[in-house]
Amino acid sequence: MKTILFLFFLFGNVFALQKQTPKHDSENSVHLRFFLHDTISGPNPTAIQVAQAATSKTFSTLFGDVMVIDDPLTVGPDINSKLVGRAQGLYSSSGKDAVGLLMAMSFVFSDDKYNGSSIVVLGRNDVFSAVREMPVVGGSGVFRLTSGYVQLKTYSFNTTSGDAVVEYNVFVAHK
């Protein structure tokens, strides 16, 4: 009798968990592509350093540096192409021996049907890899209860100024 009750309890909870797990219909799957413009130079930077460890400059990776961003997102790699939103958040140099950034940011959309909605990304950006992947951990507005991932690759990087243009492909499913 105890075995039957245990099995009932076990399978009952498994079925209950399956019912509570959100399902994403293919009609609510979205692929977005845009370009992030990270400008740290010039009179109007979109990324500024807000913290630096006393030892950051002793590491070739700048371990301990923290930047806050409000980077434009555009449909094309040219900064003058149509603006679709902004990437707001921060990134920090989190690798002592290899360059890697911990990124925490929201893509805040200002265009068309996604106006006022956001997608939140949190993860490691291995900047020297050709294609990187980070998880989408949430969203708001149209993207409430979203999940997915982003793939990014550097479109251009100015070694003198540190300015970069990065292509983002965002794949999400939402309610």
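Since the model is a prediction, treat every value here as computed from it, not as a measurement. The numbering scheme is per chain: residues are counted from 1 as the chain's sequence reads. Two thresholds apply to this predicted model, a pLDDT of at least 70 for residue-level local features and 80 or more for giving and counting side-chain atom pairs, whereas whole-chain, interface and lining totals are computed over all residues. Computation of side-chain values: all heavy atoms of the structure, hydrogens and water removed.

Let us now look at the side chain of Ser 92. Helix numbers and strand numbers start at the N terminus; a helix is a DSSP run of H or I with at least 4 residues, a strand a run of E with at least 2. Here Ser 92 is to be found in strand β4 (residues 83-93). On the basis of relative accessibility, which here comes to 13%, the residue Ser 92 falls in the buried class. The contact criterion used throughout is that any non-hydrogen atoms of two residues lie within 4.5 Å. In contact with Ser 92, not counting residues within four places along its chain, are Asp 65, Val 66, Gly 100, Leu 101 and Leu 102. Three labels apply to residues, based on accessible area from a 1.4 Å probe with only protein chains included: buried if under 20% of the type maximum, exposed if over 50%, partly exposed otherwise in between.

What makes a patch is a set of residues exposed beyond 30% relative accessible area and free of salt bridges, joined within 9 Å when like-charged and within 5 Å when nonpolar (Val, Leu, Ile, Met, Phe, Trp, Tyr). The protein chains shown are the only cover counted for residues, whose accessible areas, like all others here, come from Shrake-Rupley with a 1.4 Å probe. Whenever a carboxyl oxygen of Asp or Glu lies within 4 Å of a side-chain nitrogen of Lys or Arg, that contact is scored as a salt bridge. Side chains of Ile 48, Val 50, Val 68 and Leu 90 sit close together on the surface and give an oily, nonpolar patch of about 300 Å² of accessible area. Counting through the fold element by element, Leu 90 comes out in strand β4. Of the residues examined, Leu 90 reaches a relative accessible area of 37% and is grouped as partly exposed.

Once that is clear, we can look at the environment of Asp 78. Considering the arrangement of structural elements, one finds Asp 78 in the loop between β3 (66-74) and β4. Take Asp 78: its relative accessible area is 44%, and that puts it in the partly exposed class. Under the rule applied, a polar contact is a pair of N or O atoms within 3.5 Å (in protein, one hydrogen donor and one hydrogen acceptor; residues adjacent in sequence only if both atoms are side-chain atoms). One polar contact links the side chain of Asp 78 to the main-chain amide nitrogen of Asn 80, over a distance of 2.8 Å.

Most of strand β1 (residues 29-38) sits out of view: 7 of its 10 residues are buried. Note on pairing: DSSP must find at least two bridges between two strands before they are called paired. Examined bridge by bridge, β1 and strand β9 (residues 164-173) share 10 bridges and lie antiparallel to one another. Its bridge partner being in β9, Leu 36 is matched across the sheet by Val 166.

Moving on, we get to the pattern of salt bridges. Working definition: two side chains of opposite charge can pair if their charged atoms are close together. The final tally for this structure, using the stated rule, is 5 salt bridges. The partner of Arg 33 in a salt bridge is Glu 167, and the shortest N-O contact between them spans 2.8 Å. Linking Arg 33 in strand β1 with Glu 167 in strand β9, this pair joins segments that are 134 residues apart in sequence. When the shortest N-O distance is used, the salt bridge between Asp 111 and Lys 82 registers 3.2 Å. Note that Asp 111 is positioned in the loop between β5 (101-109) and β6 (118-125) and Lys 82 in the loop between β3 and β4, a separation of 29 residues in sequence. Residue class for Asp 111 comes out buried when judged on its relative accessible area of 18%. We classify Lys 82 as partly exposed; its relative accessible area is 44%.

Honestly, that's just the spatial picture; any functional story needs more than this.
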